[in-house]
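Listed below are the residues making up each chain.
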Amino acid sequence: MKKILLLALMTLPVMAEAQNFKYQKTDRGFKNYKGDVTLTGTFSRNLDPEYLEYMGDAICFEPNKASSSLIPRPNGDPRDAWFCFSNFDVAKKTFKLPDNIKKGFCKYEGQATIQIKDYKLFIEETEGFDLTQLVSAKNITPTKAIKCEVQE
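Residues numbered from 1 in each chain as written. Predicted model: local features only at pLDDT ≥ 70, side-chain atom pairs only at ≥ 80, totals over all residues. Heavy atoms only, no water.

Right, let's get into the overall build of the protein chain. Within the protein chain, the secondary structure is distributed over four helices and seven strands. Across the protein chain, helices and strands are ordered from the amino to the carboxyl terminus as α-β-β-α-β-α-β-α-β-β-β. Here the protein chain holds 152 residues, and 30% of them are scored as buried. Of the accessible surface of the protein chain, which amounts to about 10400 Å², a share of 54% is contributed by carbon and sulfur atoms. (Helix = DSSP H or I, 4+ residues; strand = E, 2+ residues; numbered from the N terminus. Buried < 20%, exposed > 50% of the residue type's maximum accessible area, 1.4 Å probe, protein only. Areas by Shrake-Rupley, 256 points an atom, 1.4 Å probe, with all protein chains shown as cover.)

Printed below as a string of structure tokens:
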């Protein structure tokens, strides 16, 4: 029993290390990180025409509070952890997201546990978003259409 416990404790740092991103370099408005993490949260695709015209078509993810701490953020950065997938087609297929939406609805969303790798932190002072690559997903809930928010 002691050997099993010792073996488990010896492998713990290796498992924890796999959950960290390591800074590589800054390039074209992004701080690039290598590594991989597993996160739980909400995936979404916004199909509102105004949003698409301004930001483009993207599938994004907002980690829950516990998972957010695994996302690279510089000290003092007030932004919530939120990113989009650089491998759009893989994310679209994985989450089974359609290309159109009923009138009065603006986006699709659902919950999942995902594994991502190689994080690009967007650092420009303009509109944009962080990017990462979706590796896999599990515990995917059925996707729901979300009504548009009424602008007053």
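Quick look at the layout of surface pockets now. Size it by volume and the second largest pocket reaches roughly 160 Å³. Considering the residues around the second largest pocket, the lining is formed by Thr42, Ser44, Arg45, Asn46, Tyr51, Ala58, Cys60, Glu62, Trp82, Lys107 and Glu109. The set of elements that each furnish at least two residues to the lining of the second largest pocket consists of strand 2 (30–46), strand 3 (59–63) and strand 5 (105–122). At four residues, the largest contribution of residues to the lining of the second largest pocket is made by strand 2. Its residues assigned to classes, the lining of the second largest pocket comprises four nonpolar, three polar and four charged. (1 Å grid on protein atoms, 1.4 Å probe; cavity = no way out; pocket = protein on both sides within 12 Å on 5 of 7 lines; lining within 4 Å. Points joined across faces, edges and corners; volume = space filled by probe spheres on them. Nonpolar A, V, L, I, M, F, W, Y, C, P; charged D, E, K, R; others polar.)

What follows is about the nonpolar core. In this structure, Leu39, Phe83, Phe85, Phe95, Ile114, Ile116 and Tyr119 are the most contacted members of the largest nonpolar core, which totals 23 residues. Among the elements of the structure, strand 2, strand 3, strand 4 (83–85), helix 4 (88–95) and strand 5 are those that each provide at least two residues to this core. Counting residues per element, this core draws most heavily on strand 5, which supplies six residues. Sequence-distant contacts of phenylalanine 95, that is, excluding residues within four places in its chain, are made with Phe43, Ile59, Phe85, Ala112, Ile114, Leu134, Ala137, Ile140 and Thr143. Formed by five residues, the second largest nonpolar core is a distinct cluster that contains Met55, Ala58, Cys60 and Phe129. (Core = buried A, V, L, I, M, F, W, Y, C linked by side-chain atoms within 4.5 Å. Contact = heavy atoms within 4.5 Å.)

As a further point, take the state of the cysteines. Scanning all chains against the criterion turns up two disulfides. Across the disulfide, cysteine 60 is cross-linked to cysteine 84 (sulfur-sulfur distance 1.9 Å). Residues cysteine 60 and cysteine 84 are joined through a disulfide that is right-handed, its torsion about the S-S bond being 75 degrees. Residue cysteine 60 is found in strand 3, and its partner cysteine 84 is found in strand 4; the two are separated by 24 residues along the sequence. For cysteine 60, a relative accessible area of 4% translates into the label buried. Two residues share a disulfide in this structure: cysteine 106 and cysteine 148, whose sulfurs sit 1.8 Å from each other. Linking cysteine 106 and cysteine 148, the disulfide has an S-S dihedral of approximately 95 degrees and is accordingly described as right-handed. Here the residue cysteine 106 occupies a position in strand 5, and cysteine 148 occupies one in the segment after strand 7 (144–147), the gap between them amounting to 42 residues. In this structure cysteine 106 comes out as buried when scored by relative accessible area, which is 10%. (Disulfide = S-S within 2.5 Å.)

This paragraph deals with the pairing of strand 1 (residues 22–27). Successive side chains on a regular strand alternate, one facing one side of the sheet and the next facing the other. In terms of strand pairing, strand 1 meets strand 2 through five bridges, oriented antiparallel. By the bridge assignment, lysine 25 is partnered in strand 2 with asparagine 32. In this structure, the hairpin formed by strand 1 and strand 2 is closed by a connection of two residues, where arginine 28 is found at a positive phi of approximately 50 degrees. (Pairing = 2+ DSSP bridges.)

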